[in-house]
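Summary of the model geometry
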Amino acid sequence: MTTDLSSFPQILLWCANKVFEELTDIERQFHKALYTVRIYLNCERYSVALLDMTKEKEFYEQWPILLGEVPPYKGPKTPDGREVNFYKIIDYILLGKEEIKVIPSPPVDHWSLVSGLPTYVAENGFICNMMNAQADEYFIFQKGPVDETGWAIKNVLSLPIVNKKEEIVGVATFYNRTDGRPFDEYDEQITETLTQFLGWSVLNTDTYDRLNKLENRKDIAQEMLMYQLQCTPHELQTILKTKEKLNKNVDECEEKELVKILKEELPDPTALELYEFHFSDLPVSEHELIKSGIRLFVELNAVEKFKVPAEVLTKWMYTVRKGYRDITYHNWRHGFNVGQTMFTLLMTGKLKKYYSDLEAFAMVAAAFCHDIDHRGTNNLYQMKSAAPLAKLHGSSILERHHLEFSKTLLEDESLNIFQNLNKRQFENVIHLFEVAIIATDLALYFKKRTMFQKIVDATEQMQSDDERIKYIITDQTKKEIIMAMMMTGCDLSAITKPWEVQSKVALMVANEFWEQGDLERTVLQQQPIPMMDRNKAEELPKLQVGFIDFVCTFVYKEFSRFHKEITPMYDGLQNNRVQWKTQADAYDEKMKALEELNKKHENDVGVKKGTEGREDNGPTKSKTCTVL
Ligand SMILES: [Zn+2]
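Note that the coordinates shown come from a computational prediction; the quantities given were computed from them, not determined experimentally.

Thresholds applied
Residues numbered from 1 in each chain as written. Predicted model: local features only at pLDDT ≥ 70, side-chain atom pairs only at ≥ 80, totals over all residues. Heavy atoms only, no water. Donors = N, O, S within 2.8 Å, 3.2 Å for Na, K, Ca; no water. Tetrahedral: all angles 85-135°; square planar, octahedral: opposite > 155°, others 65-115°. Helix = DSSP H or I, 4+ residues; strand = E, 2+ residues; numbered from the N terminus. Buried < 20%, exposed > 50% of the residue type's maximum accessible area, 1.4 Å probe, protein only. Core = buried A, V, L, I, M, F, W, Y, C linked by side-chain atoms within 4.5 Å. Salt bridge = Lys/Arg side-chain N within 4 Å of Asp/Glu carboxyl O. Axes fitted to C-alpha atoms, helices over the stretch in contact; angles between N-to-C directions. Parallel < 35°, antiparallel > 145°, perpendicular 65-115°, else oblique. Left-handed = near helix turned anticlockwise from the far one by under 90°. Contact = heavy atoms within 4.5 Å. Nonpolar A, V, L, I, M, F, W, Y, C, P; charged D, E, K, R; others polar. pLDDT = per-residue confidence, 0-100. Expected span 1.5 Å × (residues − 1). Phe/Tyr/Trp six-rings, centres within 6.5 Å; stacked < 30°, edge-to-face > 60°. Lys NZ or Arg CZ within 6 Å of the ring centre and 35° of its normal. Polar contact = N/O pair within 3.5 Å; in protein donor to acceptor, adjacent residues only side chain to side chain. Pairing = 2+ DSSP bridges.

Ideal geometry at a metal gives 109.5 degrees between four tetrahedral donors and either 90 or 180 degrees between six octahedral ones. Bound to the zinc ion on the protein side are His334 (NE2), His370 (NE2), Asp371 (OD) and Asp491 (OD), at distances that span 2.0 to 2.1 Å. Geometry at the zinc ion is irregular, judged from its four donor atoms and the angles of 85 to 178° they form at the metal. Of note, the zinc ion draws all its donor residues from one chain, in the sequence arrangement H-x35-H-D-x119-D. Taken together, the residues span a long stretch of sequence, with His370 in the loop between helix H16 (357-369) and helix H17 (379-384) and Asp491 in helix H23 (residues 476-491) at a distance of 121 residues. Taken as a pair, His370 and Asp491 share a single burial class, namely buried.

With that settled, consider the nonpolar core. Membership of the largest hydrophobic core comes to 113 residues, with the highest contact counts inside it found for Phe297, Trp316, Ile417, Phe433 and Met486. Here this core takes eleven residues from H16, the largest share from any one element. Counting residues in each nonpolar core, the second largest holds 23 residues, with Ala122, Val146, Trp151 and Val171 among its members.

For the rest of this paragraph, the subject is the pattern of salt bridges. Under the criterion given, the structure shown has 48 salt bridges. Two residues, Arg325 and Asp373, come together in a salt bridge whose shortest N-O distance is 2.8 Å. Here Arg325, found in the loop between helix H14 (310-323) and helix H15 (332-347), pairs with Asp373, found in the loop between H16 and H17; they are 48 residues apart in sequence, far enough to count as distant. Taking the shortest distance from any N to any O, the salt bridge between Lys352 and Asp357 comes out at 2.9 Å.

Next up on the list: the packing of helix H12 (residues 286-299) against H15. When two helices pack together, you describe them by how their axes are tilted relative to each other and by the distance separating the axes. It is the contact of H12 with H15, at a shortest axis distance of 10 Å, that shows an interaxial angle of 25°. In this view, H12 runs roughly parallel relative to H15, as classed from their interaxial angle. The interaxial crossing formed by H12 with H15 has left-handed handedness. Side by side, H12 and H15 meet where Glu286, Leu289, Ile290, Ser292, Gly293, Leu296 and Glu299 of the first sit next to Trp332, Arg333, Phe336, Gly339, Gln340, Phe343 and Met347 of the second. Counted by class, the contact of H12 with H15 contains seven nonpolar, four polar and three charged residues.

Time to look at the confidence of the model for the chain. For the chain, the average pLDDT comes to 87, and 87% of its residues sit at 70 or higher. Contacts of residues 1-16 to residues separated by more than four positions or lying in other chains number twelve contacts, the stretch itself having pLDDT below 50. Low pLDDT, under 50, characterises residues 612-628; the predicted model gives this stretch eight contacts beyond four residues in sequence or across chains.

With that settled, the discussion passes to helix H24 (residues 499-522). Taking 1.5 Å of rise per residue, the 24 residues of H24 would be expected to cover 34 Å, and the 34 Å separating its terminal C-alpha atoms lies within 8% of that figure. Among the residues of H24, Trp499, Val501, Gln502, Val505, Ala506, Ala510, Glu512, Trp514, Gln516, Gly517 and Glu520 are the ones counted as buried.

How two aromatic rings sit relative to each other is set out by the distance from centre to centre and by the angle between their planes. Inspection of the entire model under this criterion finds 29 aromatic pairs. With a centroid separation of 5.6 Å and 80° between ring planes, the pair formed by Trp151 and Tyr175 is classed as edge-to-face. Here Tyr175 lies in strand E6 (residues 168-177) and Trp151 lies in the loop between strand E4 (128-130) and strand E5 (156-162), a separation of 24 residues in the sequence. An identical accessibility class is assigned to Trp151 and Tyr175; each is buried. A connected cluster of aromatic rings, assembled from ring pairs, spans Phe279, Phe297, Phe306, Trp316, Tyr324, Trp332, Phe336, Phe361, Phe368, Phe418 and Phe433. Across the ring face of Phe554, the terminal group of Arg449 is positioned such that the distance to the ring centre comes to 4.6 Å. The aromatic ring of Tyr471 is capped on one face by Lys478, whose charged end is 4.2 Å from the ring centroid.

Structurally, the position occupied by Asn576 is in helix H26 (residues 567-615). Asn576 sits in the buried class, given a relative accessible area of 0%. A distance of 2.7 Å separates a polar side-chain atom of Asn576 from the backbone oxygen of Ile495.

Right, let's talk about the sheet that holds E6 for a bit. The strand order E3-E2-E1-E6-E5-E4 describes an open sheet built from six strands, whose pairing is antiparallel. Each having just a single partner strand, strand E3 (99-104) and E4 make up the two edges of the open sheet. Geometrically, the sheet is characterised by an average inter-axis angle of 15° between neighbouring strands, direction not taken into account. Summarising the sheet, strand E1 (residues 43-51) and strand E2 (residues 86-93) pair through seven bridges and their orientation is antiparallel. For Ser47, the partnering residue across the bridge sits in E2 and is Asp91.

See below:
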């Protein structure tokens with residue numbers, strides 16, 4: 001085999017190009033292919049506009065449309081029903097000095113899009129050859145130079161890039177044949193072959209094989225994980241004590257016997273204050289929290305109504321606990337607290353009246369799972385450290401992982417607490433899991449804030465409870481927005497707890513942040529933000545006050561306005577704000593005093609230096625140092 005050395009510099013070029021680093025794996029394949037064949041392209045310039053492949057909008061993007069606040073999309077769509085959205089343009093200049101430009105999120109009036117031709121091609125899948133582009137009446141191209149190089153459009157050949165699934169993944173547009181003549185059939189042929197090749201390179205057979213292999217590998221990893229994770233028969237006996245009580249194995253018992261044993265084992269909700277907003281997990285053992293979790297489902301009446309086998313429920317709850325890592329804050333205790341707060345918002349906070357029993361069951365279950373397998377570092381860290389999770393999910397990285405993890409548990413029938421639901425009910429539960437768990441991404445909180453406030457505003461004007469209930473339960477979107485905000489209220493609930501609890505938990509959160517800060521310094525060699533910098537630990541009270549003011553106050557104030565039964569959370573929050581503010585002020589005072597002391601010292605030293613200087617008296621420097 002001979003190696004064609006002449007292609008080496010070319011390959012090196014596309015690799016070394018800084019553009020390469022800005023592209024995703026798939027875009028790199030495009031780039032690689034186009035860059036390698038560019039010498040065969042008989043044109044001055046070409047651009048590739050990449051299309052967004054998302055078929056469906058995220059639920060939080062659909063809400064404003066469903067609420068009628070934003071009109072539904074009426075613009076052009078690809079043949080498979082996607083909105084035509086060019087998320088990136090790669091612009092290749094071949095004329096003169098070769099150059100490649102990447103334009104992320106290009107504006108609609110970008111010179112390469114403004115004519116509407118790429119959109120037309122994406123919508124219809126046609127090849128368009130425009131002999132004299134400037135004279136065209138339908139597509140109005142930019143007249144005169146498009147950029148500082150003085151280059152202008154003369155003729156254009158535009159084609160869809162289609163993958164093997166026959167989806168249009170982008171539009172390639174070639175400009176100005178080098179000999180000045182219009183593009184002809186021959187050009188159409190080569191470019192068509194090229195764009196097909198491009199589309200295939202995105203999902204070629206190799207990639208398919210690789211994907212299949214990966215799929216298998218994922219299945220094996222999942223099996224291994226489930227084996228290690230699942231509640232063992234021995235662990236099951238610590239709650240479902242059939243051996244101790246009946247001298248039988250679990251599978252030898254009747255369901256009635258199991259329910260009886262389980263109920264005897266579950267803690268008293270009043271003694272543990274499971275219905276209280278001020279509930280604290282601190283005096284409760286982690287094992288007891290598993291039993292308390294099961295207790296909440298019994299209290300919701302979900303076990304009986306949805307025929308959840310006692311063994312399955314116990315195993316699921318135990319396995320959820322084991323799915324949480326033993327990290328500083330985002331551990332099982334946090335997972336439990338979020339589930340307990342969801343339960344309390346529904347029952348004590350009276351929000352249950354807007355939801356069916358099944359929805360309430362799903363919401364509490366999702367709340368327990370919402371941070372499962374958290375790694376103690378946030379989404380930004382996953383991105384910066386290029387963690388595999390960040391490559392898998394584009395946004396809400398960890399939240400999507402918690403969701404996938406929770407769904408994996410339910411795929412195992414021995415853990416599927418929803419196994420006796422019909423298909424439609426089960427799908428509904430999975431949908432609620434998706435909305436509830438993704439909603440815990442604080443980055444989305446600001447998107448749903450005003451939508452929630454409008455619901456509260458509207459219900460405040462209503463005269464009767466019946467009217468309020470009707471207003472909400474007849475609109476699935478409103479129910480989901482409230483549920484999403486409830487998840488945030490649960491996730492942040494530590495900030496509303498009695499001061500003895502809040503002050504301890506805040507330190508745990510801070511410690512986990514500081515641990516991430518340490519990793520940023522050692523692994524990423526970056527300076528952490530003040531919140532994650534343990535050298536700035538004294539700023540914690542100030543940061544807490546800021547967090548309360550900018551994020552938390554809205555949540556609990558609005559919930560108290562919505563349901564007065566939730567006021568204890570708002571009161572708790574305000575009390576904690578006073579505490580943190582006092583500490584923050586004390587710290588400020590201390591810093592001010594220190595600063596003044598320093599100033600005074602500086603002045604003293606200055607004066608001293610001045611006098612000593614005049615007297616020209618020996619080793620002045622060392623003297624002043626000893627003073628300091
Ligand atoms: Zn959480």
